[in-house]
Amino acid sequence: MRILDGRPHPLGATWTGEGTQFALFSEVATRVELCLFDAPTAAEPRARVELRERTDSVWHALLPEVRPGQIYAYRVHGPFAPERGERCDPSKLLVDPYARAIAGRLSWSDAQAPRALVVDPAFDWEDDRRPHTPWSRTVVYECSVKGMTARHPGVAPALRGSYLGLASEPVIEHLLALGVTAVELLPVHHCVTEERLARLGLTNYWGYNTLGFFAPDARFATGDRGEQVREFKTMVKALHRAGIEVLLDVVYNHTCEGDHTGPTLSWRGIDNAAYYRLDPARPSEYLDFSGCGNALNLLHPRTLRLVLDSLRYWAEEMHVDGFRFDLAPALARGFEEGDRLERFFALIQQDPTLAGSKLIAEPWDLGENGYRLGHFPAGWAEWNGKYRDTVRRFWRGDSGRAGKIASRLSGSEDVYGRRTPHASVNFVTCHDGFTLRDLVSYEQKHNQANGEENRDGSDANWSWNGGEEGETEDDDVQTLRARMQRNFLATLAFSQGIPMLSHGDEIGRTQLGNNNGYCHDSPLTWLDWELDQPRRDLLAFARRVFALRRAHPVLRRRSFFSGRPIETGRAKDLVWLRPDGAELGAEDWQDPEIRRLGMLISGEAHDERDETGRPVEGESLLLLFNAAGVDCYFRLPAMPIPGRFEPLLTTAGAELRPEGSVLVPARSLALLAYRSGA
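On a predicted model such as this, the values are computed, not experimentally measured, just so you know.

What to know about the overall build of the protein chain
In step 1: Secondary structure summary: the protein chain contains 15 helices and 29 strands in total.
In step 2: For 678 residues, the compact-globule estimate of 2.2 N^0.38 gives 26 Å, and the C-alpha radius of gyration of the protein chain, at 27 Å, lies within 12% of that figure.
In step 3: Counting only C-alpha atoms and orienting by the principal axes, one finds that the protein chain spans roughly 90 × 55 × 50 Å.
In step 4: Here the protein chain, with 678 residues, has 60% of them falling under the buried criterion.
In step 5: Just so you have it, the protein chain exposes about 25800 Å², and 48% of that area is on carbon and sulfur atoms.
In step 6: Both charge centroids of the protein chain, one from 80 positive and one from 96 negative side chains, sit 2 Å from each other.

Topic: a negative patch on the surface
In step 1: A cluster of like negative charges, contributed by E468, E473, D474, D475 and D476, occupies part of the molecular surface.
In step 2: On the basis of relative accessible area, E468 is assigned to the partly exposed category, the value being 32%.

Digging into the side chain of T193
In step 1: Tracing the sequence through the fold places T193 in the loop between β14 (189–191) and α4 (195–199).
In step 2: Within polar-contact distance, the side chain of T193 engages the backbone nitrogen of N204 at 3.0 Å.
In step 3: If we skip the residues at most four places from it in the chain, T193 touches L106, W108, A198, L202, T203, N204 and N209.

Looking at the nonpolar core
In step 1: F323 and F325 are the most contacted members of the largest nonpolar core, which has 165 residues in total.
In step 2: In contact with F325, other than residues within four places in its own chain, are V250, Y252, L311, L331, I348, L359, I360, A361, E362 and W380.

Topic: the packing of helix α13 (residues 475–494) against helix α14 (residues 533–551)
In step 1: At their nearest, the axes of α13 and α14 sit 9 Å apart, and the two run at 20° to each other. Considered as vectors, α13 and α14 are oriented roughly parallel to each other. α13 and α14 meet at a crossing whose hand is right-handed. Taking contact as the criterion, the partners of Q485, R486, L489, A490, L492, A493 and F494 in α13 are, on α14, L538, F541, A542, V545, F546, L548 and R549.
In step 2: Each residue belonging to the contact of α13 with α14 can be placed in one class, and the counts come to 11 nonpolar, 1 polar and 2 charged.

Let's talk about the sheet that holds strand β28 (residues 661–664)
Hydrogen bonds between backbone atoms are what pair the strands of a sheet, whose relative direction is either parallel or antiparallel.
In step 1: Across the sheet, which stays open at both edges, the 3 strands sit in the order β25-β28-β27 with antiparallel pairing between neighbours. Edge strands, defined here as strands with exactly one partner in the open sheet, are β25 (632–635) and β27 (655–657). Neighbour to neighbour, the strand axes of the sheet diverge by 30° on average, direction disregarded.
In step 2: Strand direction decides the pairing type here: β27 and β28, joined by 3 bridges, are antiparallel. What sits directly across from R657, in β28, is S661.

Here we look at the packing of aromatic side chains
In step 1: According to the stated counting rule, one finds 30 aromatic pairs in the structure shown.
In step 2: Consider the rings of F22 and Y72, whose centres lie 5.2 Å apart with planes at 75°: the pair is edge-to-face. Taken together, the residues span a long stretch of sequence, with F22 in strand β2 (residues 20–25) and Y72 in strand β7 (residues 71–77) at a distance of 50 residues.
In step 3: For F22, a relative accessible area of 0% translates into the label buried.
In step 4: Under the relative-accessibility criterion, Y72 is labelled buried at 0%.
In step 5: Taken together, a centroid distance of 6.1 Å and an interplanar angle of 40° make the contact between F376 and W380 tilted.

Focus: helix α9 (residues 385–396)
In step 1: An ideal rise of 1.5 Å per residue puts 16 Å on 12 residues; α9 measures up with 17 Å between its terminal C-alpha atoms.
In step 2: Looking only at α9, the buried set comprises G385, Y387, T390, V391, R392, F394 and W395.
In step 3: If you check the start of α9, you find a side-chain oxygen 3.1 Å away from the backbone N of K386, and it comes from N384.
In step 4: With its phi angle positive at about 95°, G397 sits one or two positions after the end of α9.

Remarks on the pairing of strand β24 (residues 620–626)
In step 1: By the criterion of burial, β24 is predominantly enclosed, with 7 of the 7 residues buried.
In step 2: Bridging between strand β23 (residues 596–601) and β24 involves 6 bridges; their strand directions are antiparallel. The residue of β24 that forms the bridge with G598 is L624.
In step 3: Relative to strand β29 (residues 668–676), β24 is paired through 7 bridges, and the arrangement is antiparallel. Across the sheet, residue S620 finds its bridge partner in β29, namely Y674.

Here's the deal with the sheet that holds strand β12 (residues 140–143)
In step 1: The strand order around the closed barrel formed by 8 strands is β12-β13-β16-β17-β18-β19-β20-β21, and the pairing between neighbours is parallel. Pairs of neighbouring strands in the sheet enclose a mean axial angle of 30°, with direction left out of account.
In step 2: Along the sheet, helix α5 (residues 227–241) contacts β13 (182–185) and β16 (245–250); its crossing angle with β16, the most-contacted strand, is approximately 135°.

The rules behind each value
Residues numbered from 1 in each chain as written. Predicted model: local features only at pLDDT ≥ 70, side-chain atom pairs only at ≥ 80, totals over all residues. Heavy atoms only, no water. Helix = DSSP H or I, 4+ residues; strand = E, 2+ residues; numbered from the N terminus. Rg over C-alpha atoms; globule rule 2.2 N^0.38 Å. Buried < 20%, exposed > 50% of the residue type's maximum accessible area, 1.4 Å probe, protein only. Areas by Shrake-Rupley, 256 points an atom, 1.4 Å probe, with all protein chains shown as cover. Lys, Arg positive; Asp, Glu negative; His and termini not counted. Charge placed at Lys NZ, Arg CZ, Asp CG, Glu CD. Patch = residues over 30% accessible without salt bridge, like charges linked within 9 Å, V, L, I, M, F, W, Y side chains within 5 Å. Salt bridge = Lys/Arg side-chain N within 4 Å of Asp/Glu carboxyl O. Polar contact = N/O pair within 3.5 Å; in protein donor to acceptor, adjacent residues only side chain to side chain. Contact = heavy atoms within 4.5 Å. Core = buried A, V, L, I, M, F, W, Y, C linked by side-chain atoms within 4.5 Å. Axes fitted to C-alpha atoms, helices over the stretch in contact; angles between N-to-C directions. Parallel < 35°, antiparallel > 145°, perpendicular 65-115°, else oblique. Left-handed = near helix turned anticlockwise from the far one by under 90°. Nonpolar A, V, L, I, M, F, W, Y, C, P; charged D, E, K, R; others polar. Pairing = 2+ DSSP bridges. Phe/Tyr/Trp six-rings, centres within 6.5 Å; stacked < 30°, edge-to-face > 60°. Expected span 1.5 Å × (residues − 1).

This is the structure in structure tokens:
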């Protein structure tokens, strides 16, 4: 086999058309062997190639005879002194940190490790164009690639649970009918299942245990010999053609190698101190801001580059539209300036390749001062956990929620005041926690099947079961639960900010009270598409509320309300109303027992413009909320021009009365539009 010097850039295995360039960074290595295998499970390599060239701590070679499809791994020789944080171990086969694809699975029983794969990047994107949907029109749908289609009867059996299944016509039609403009995929970076879960017969289903930051997970492909790359690109192209953006949930805060007792699969055996944050007091152990055993060392320029290169690769080569950063504050630890996170996250935002990407942060981690909601720089959106908790507690009937729900409905200016409403990704449920159906069916988590004696998962669910725990045949309880699900969906659709649905909430998905389904790759977590009439009704309602959001620009403003009269008219842009029709005063907001309020948005309060730059006309809307346990009459407010209020949607059959009031039943809401004229 011919071995040429090659170049130190780019890192990874790069097919040039005339051979494959290999480059691996390690400051501490004294020798690097490239092992070439005929199969993912082959015990011995067919060839060993020593990378003799070293440039700026990058070991490299060009092998003209190596083609796409070649399976490879590294053995790295160097110091092994864990007490000093040095963990080179040439007995371990190591995955290339820049691998574009990974073949094989980690087998804990026989210590079989995955290996990297040389990939041909060629792909016919045809006329693929990113949708570039404005934030003001964005509706995010968080989903699992597998869970969406594993049980879908309209998807070919061979494609269920795969990238191609997600790109199939029935799924795309469902998303479009729902009004979805972007799918946010649970992690698709190649991951492995932890030994503890494997011993219990469980699987890391969510995928927050990354082995390859450049490699699409082979779990979701028809094969693992390059199909995962082609099929991922095919999925993106199909979704783009339908006008749907693809956002990735990315996990750069830790890796699958876990704490100091975990497996050596890649980074640890290549250059432990460069890739990980070591505990200064005990270099044999790691700092940990995620609860997963380690933290990537983004203070090291090579590791920081690894993350940025990964993001660029997915944006440029895979045509991904944006990213949601898991436990984002963990990435900035060590970069903080005072109370702000801008120094690190500006590195991502200013990158020309990533400049047009949607950037979303999960604004908390498990480290000290880890709750950073509202502290990210302009241009970033954040998962708004305060929105989730406030909306849940308001509809549960908790006291003292009126002021908080008003802020959440109007875009959370108290959190994002120096930015815009589009900094707030609003959600009631997500992958982590109860599904929407379970939120109204269970008051306690039921996680016994997770193997942790029900200790895992959050206890702060702010849920209400309607009077009976779990599934029930009681018609009254079922009716109430259906109404509560409609309340949550409507509240989400009609709030300022970016709405995010958790997959299956629109069809009543249940996990039977399990609020931490991360370890179940089974029907417990997959969507059940066999819909009975109540679930079909819920789907129709979900489609209706997001169609109304789309039709009314005042529901998706790009700036915060002022609460003052609009220059072009006589009305305030936003008025909060008591049930008697009067505006809520300062003393009213202090009443902890307020559970009924109206939200009047002027039709002139829109700030949307069409493709020609002209303002989009809007209607005045009146939202009436009754979270109390008894019915309430709301007097309709006086309007500056003649006309009448007409109901657009109710969650429990609100009734207009001729004397100028509307009956809003207990625990329900109503949306009315003001139509001018006689």
